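Observations on the model geometry
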Amino acid sequence: MPRTGQPAVRRVAAVERALAVLDALSDGSPELGTNEIARRTGINASTVSRLLATLAGAGVVEHVAATGRYRLGVRLLQLGNAVLARLDLREVARPYLHELVAGTGDAVTVDFVQSASSVQSVARVGRPSVAHATATGKIMLAFGAAEPAPGQLKVYTPRTITDRRKLAAELERVRKQGWAEAVGEREPHLNAIAAPVFGARGELAAIVGIQGPALRFNRDAMRAAVEPLRTRAAAVSATLGWNSAGV
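For the structure given in this document, a descriptive report is provided here. (Residues numbered from 1 in each chain as written. Predicted model: local features only at pLDDT ≥ 70, side-chain atom pairs only at ≥ 80, totals over all residues. Heavy atoms only, no water.)

This part takes up the pairing of strand β5 (residues 190-198). The buried count for β5 comes to nine of nine residues, which makes it a mostly enclosed element. Alternating residues of β5 divide into L190, A192, A194, P196 and F198 and N191, I193, A195 and V197, and every residue in both groups is buried. Both strand β4 (residues 180-183) and β5 contribute to a ladder of four bridges, which runs antiparallel. If you follow A180 over to β5, its bridge partner there is A194. Linking β4 to β5, which pair antiparallel, is a turn of six residues; within it G184 sits at a positive phi near 60 degrees. As consecutive antiparallel partners, β5 and strand β6 (residues 204-213) are separated by five residues, and within that stretch G202 has a phi angle of approximately 85 degrees, a positive value. (Buried < 20%, exposed > 50% of the residue type's maximum accessible area, 1.4 Å probe, protein only. Helix = DSSP H or I, 4+ residues; strand = E, 2+ residues; numbered from the N terminus. Pairing = 2+ DSSP bridges.)

Let's shift gears to the packing of aromatic side chains. For the structure on display, the rule yields two aromatic pairs. For the pair F143 and F198, a centre-to-centre distance of 5.8 Å together with 75 degrees between the ring planes defines the contact as edge-to-face. In this pair, F143 is assigned in helix α6 (residues 135-143) and F198 in strand β5, connecting sequence segments 55 residues apart. Residue class for F143 comes out partly exposed when judged on its relative accessible area of 24%. By relative accessible area, F198 is classed as buried at 14%. (Phe/Tyr/Trp six-rings, centres within 6.5 Å; stacked < 30°, edge-to-face > 60°.)

With that out of the way, let us pick up the environment of A14. Note that A14 resides in helix α1 (residues 13-25). Sequence separation of A14 and T47 is 33 residues, and the distance between their C-alpha atoms is 9.5 Å.

The N-to-C vectors of α1 and helix α3 (residues 45-57) enclose an angle of 85 degrees; their axes lie 10 Å apart at closest approach. As the angle between them shows, α1 and α3 are arranged roughly perpendicular. For the pair α1 and α3, the contacting residues are A14, R17, A18, V21, L22 and L25 in the first and T47, L51, L52 and L55 in the second. Looking at the contact of α1 with α3 residue by residue, the class counts come to eight nonpolar, one polar and one charged. (Axes fitted to C-alpha atoms, helices over the stretch in contact; angles between N-to-C directions. Parallel < 35°, antiparallel > 145°, perpendicular 65-115°, else oblique. Contact = heavy atoms within 4.5 Å. Nonpolar A, V, L, I, M, F, W, Y, C, P; charged D, E, K, R; others polar.)

Right, dumping it as structure tokens:
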């Protein structure tokens, strides 16, 4: 057979059944018996028993002697850590950033993907964010370990939040709604929204944002972009191993 560089089309049925068993074991219950797994997967019990024996031998599942049931094994944690170790966050996020550009028409500011209609703006890889005056900065303050700069907060525009009590209230709002906005707070005619990307342990791993000139990225455009932004941020988070349900 010639090599095409593409995966084979035909699948191995036994492997698909083994994956179905793992899916059943990962579906909320800490332990399951053979018959329950058979019921959930639609695979006959004798086949499930053989699959479990094979998976247990590889450490992918674990037989609990006290109950006679099975649970996921530590080998899966080792494999998951190996995947996380080789993930390039920018590589993971870039397809979702392109989707945001296609859906909103404005510049995306994490990694960043330039829109065909963008004007020259502050979005540049490696450019630090001003915590109290930008959407991405507010996400850092609300969900990360960052703290506002000490002393008097710098004024960039008349809309910049410099009162620390007002900033605290703004950050609480960001936490509750799950996204942040900045309307002319760092540059007079530049608006932005941002959402957090979480890692496998629930830590803030990155921030995805959209920004654009106020004339085009106005309040209505910002509101319309919030749900696509949060959807893509959640997708990147899921790729990094984050489970929003905490399971």
